[in-house]
Amino acid sequence: MASARLPDGTEVPALGQGTWRMGERGADRRAEAAALRLGLDLGMTLIDTAEMYAEGGAEEVVAEAIAGRREEVFLVSKVYPQNAGGRRLDAACERSLKRLRVDTIDLYLLHWRGNIPLADTAEGFERMRGAGKIRRWGVSNLDVDDLEELGAALADCAADQVLYSLENRGIEHDLLPFCRGRKMPVMAYSPVGQGGALLRHPALRAVAARHGGATPAQVAIAWTLRAPGVVSIPKASDPKHVRLNAAARDLRLTDADLAELDAAFPPPKRKQRLAML
Ligand SMILES: NC(=O)c1ccc[n+]([C@@H]2O[C@H](COP(=O)([O-])OP(=O)(O)OC[C@H]3O[C@@H](n4cnc5c(N)ncnc54)[C@H](OP(=O)(O)O)[C@@H]3O)[C@@H](O)[C@H]2O)c1
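I will try to describe carefully the structure that is included in this document. (Residues numbered from 1 in each chain as written. Predicted model: local features only at pLDDT ≥ 70, side-chain atom pairs only at ≥ 80, totals over all residues.)

As for the overall build of the protein
As a reminder, the rule being used: Helix and strand assignments follow DSSP, with helices taken as H or I runs no shorter than four residues and strands as E runs no shorter than two, numbered in order from the N terminus. Each residue is classified by how many other C-beta atoms fall within 10 Å of its C-beta atom, where C-beta atoms are placed from the backbone; a count of 20 or more means buried, 12 or fewer means exposed, and values in between mean partly exposed. Any pair of residues counts as being in contact when their C-beta atoms, constructed from backbone geometry, are within 7 Å of one another.
From N to C terminus, the protein includes ten helices and nine strands. By principal-axis analysis of the C-alpha atoms, the protein measures approximately 55 × 45 × 30 Å. With 277 residues in all, the protein has 47% of them scored as buried. Put simply, of all contacts in the protein between residues at least 6 apart along the chain, 77% involve residues at least 24 apart.

See the structure below:
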């Protein structure tokens, strides 16, 4: 199975599972946890969540999904920017640990940049790491200039989670090479365009049609996985989607496929501001 290597040498699956929009409706929680468990069975053992998602509800769904299976899972959660420093960080992390029903989070990310200086956040993350509450830390929605601002602390940053899909290729110009140069994976969020217009695009449909029973979403996921140093985290509550997404790992896009996708979704020619959802 394809994997990505973190700066500390830890291997994580290149294809994981997102959880945004899970935990929002009590009636759906059992099915959402079952979808995540199916994903674990199929090897998508990296799970991405955040204190923001359903205001903790998604972390509770994750807890249900991983109960009794903690050792199999690489668990990623994120802290709100307004909580990313000082005592508020300790408290937010404790709340996440409690909701997730775990002793430690494998990778804890700053969700996006807020008003707290990045240096304070990095210092707080290191304190949480020293206390064993988190195993490593990273960031999300930070562009090259923000990462550079981390200075020496950048060496301890394990990942940058950013919007990356065929529709949003801006990071290929500078952020992706920057992270690769530091052996720091990029985690691609919304890789299937949130199930929207991307999946109806004629180019994806044409490429999918060339691969027998493949679907446009599988092409979109395989495309994010085509290059080293990228971890893709599609979210799926529908078990059919979970199975299709896991199978996307076996879809090998040809040079002709990639050329067709490049023509439909041109790579960036110049710096683009990092897009975020
Ligand atoms: N750091 C950040 O700021 C940030 C921002 C956005 C997202 N994220 C993370 O990245 C994860 C993924 O991004 P996302 O949830 O925004 O969007 P996404 O994964 O691109 O799309 C999820 C949507 O696509 C549908 N879908 C999934 N697999 C499919 C398939 N094979 N065929 C057709 N439709 C499919 C899902 O439907 P069903 O659920 O019905 O299966 C859901 O509606 C999030 O869940 C979250 O963990 C992080």
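What to know about the sheet that holds strand β8 (residues 186-189)
Applicable threshold: Between any two strands, at least two bridges found by DSSP are needed for them to pair. Simply put, an axis is a line fit to the C-alpha atoms, just over the touching stretch for a helix, and the angle between two N-to-C directions goes from 0 to 180 degrees.
The seven strands lie next to each other as β3-β4-β5-β6-β7-β8-β9, forming an open sheet whose pairing is parallel. On the outer flanks of this sheet lie β3 (46-48) and β9 (230-232), each paired with one strand and no other. Recorded for the sheet is a direction-independent mean angle of 25° between the axes of neighbouring strands. Note that strand β7 (residues 157-163) and β8 share four bridges and pair parallel. Bridge assignment links Asp160 to a residue of β8, and that residue is Val186.

Topic: the packing of helix α1 (residues 29-41) against helix α2 (residues 57-66)
Note the cut-off: Angular relationships are summarised with four words: roughly parallel below 35 degrees, roughly antiparallel beyond 145, roughly perpendicular across 65 to 115, and oblique for the angles in between. If you view the pair so one helix is near and one far, a crossing is left-handed when the near helix is turned anticlockwise from the far one by less than a right angle, and right-handed when it is turned clockwise.
α2 packs onto α1 with a crossing angle of 55° between their chain directions and a minimal axis gap of 8 Å. The pairing of α1 with α2 is recorded here as oblique in orientation. Between α1 and α2 the crossing geometry is right-handed. Residue-level contacts link Arg29, Glu32, Ala33, Leu36 and Arg37 of α1 to Val61, Val62, Glu64 and Ala65 of α2.

Some thoughts on the site of the ligand
Where we set the bar: Using a C-beta atom placed from the backbone, a residue is described as near a molecule or strand when that atom lies within 6 Å of it. Gly is put with the polar residues, along with every residue not named as nonpolar or charged; the nonpolar set is Ala, Val, Leu, Ile, Met, Phe, Trp, Tyr, Cys and Pro, and the charged set is Asp, Glu, Lys and Arg.
Lining the immediate surroundings of the ligand are 29 residues, of which Gly18, Trp20, Tyr189, Gly195 and Lys235 lie closest. In terms of residue count, helix α9 (residues 239-247) provides more of the shell around the ligand than any other element does, three residues in total. Among the residues forming the shell around the ligand, the class breakdown is twelve nonpolar, 14 polar and three charged.

With respect to the packing of α2 against helix α3 (residues 86-100)
Relative orientation of the contacting elements α2 and α3 amounts to 40°, with a least axis distance of 7 Å. On the basis of their axis angle, the class for α2 and α3 is oblique. Two secondary-structure elements touch here, α2 through Glu59, Glu60, Val62 and Ala63 and α3 through Ser96, Arg99 and Leu100. Class assignment for the residues of the contact of α2 with α3 results in three nonpolar, one polar and three charged.

Focus on the nonpolar core
Side chains of nonpolar character tend, in soluble globular proteins, to be buried together. As a reminder, the rule being used: Linking buried Ala, Val, Leu, Ile, Met, Phe, Trp, Tyr and Cys residues through C-beta atoms within 7 Å yields a set, and such a set is a nonpolar core.
One finds Val62, Tyr108, Val186, Ala188, Val219, Ala220 and Val231 to be the most contacted residues of the largest nonpolar core, which totals 81 residues. Broken down by element, the residue count for this core peaks at six residues, all from helix α8 (residues 216-224).

Comments concerning the environment of Lys78
Secondary-structure assignment places Lys78 in strand β4 (residues 74-79). Taking the C-alpha atoms as reference, Lys78 lies 8.4 Å from Ser140; in sequence the two are 62 residues apart.

Looking at the environment of His211
Position of His211 among the secondary structure elements: in the loop between α7 (202-210) and α8. Taking the C-beta count within 10 Å as the criterion, His211 has 17 such neighbours and is therefore assigned partly exposed. Through-space distance from the C-alpha of His211 to that of Leu251 is 7.9 Å; in sequence the pair is 40 residues apart.

A short note on the pairing of strand β5 (residues 107-110)
Side-chain positions along a regular strand alternate between the two faces of the sheet. This is how it is decided: Every crossover in which the path from the first strand over the helix to the second runs clockwise, viewed with the strands pointing away from the viewer, is termed right-handed.
Judged by which residues are buried, β5 turns out to be covered on both faces: Leu107 and Leu109 on one side and Tyr108 and Leu110 on the other are all buried. Bridge count for β4 against β5 is four bridges, and the pairing is parallel. Residue pairing across strands places Ser77 opposite Tyr108, the latter belonging to β5. Note that the unit made of β4, α3 and β5 has a crossover that is right-handed. Relative to strand β6 (residues 137-140), β5 is paired through three bridges, and the arrangement is parallel. Bridging from a neighbouring strand, Leu109 pairs with Gly138 of β6.

So, the environment of Gln161
The topology assignment puts Gln161 in strand β7. Gln161 gets classed as buried once you count the C-beta atoms within 10 Å, which come to 27. Taking the C-alpha atoms as reference points, Gln161 and His211, separated by 50 residues in sequence, lie 29 Å from one another. Ignoring anything within four residues of it in the chain, the contact list for Gln161 reads Leu109, Ser140, Met187 and Tyr189.

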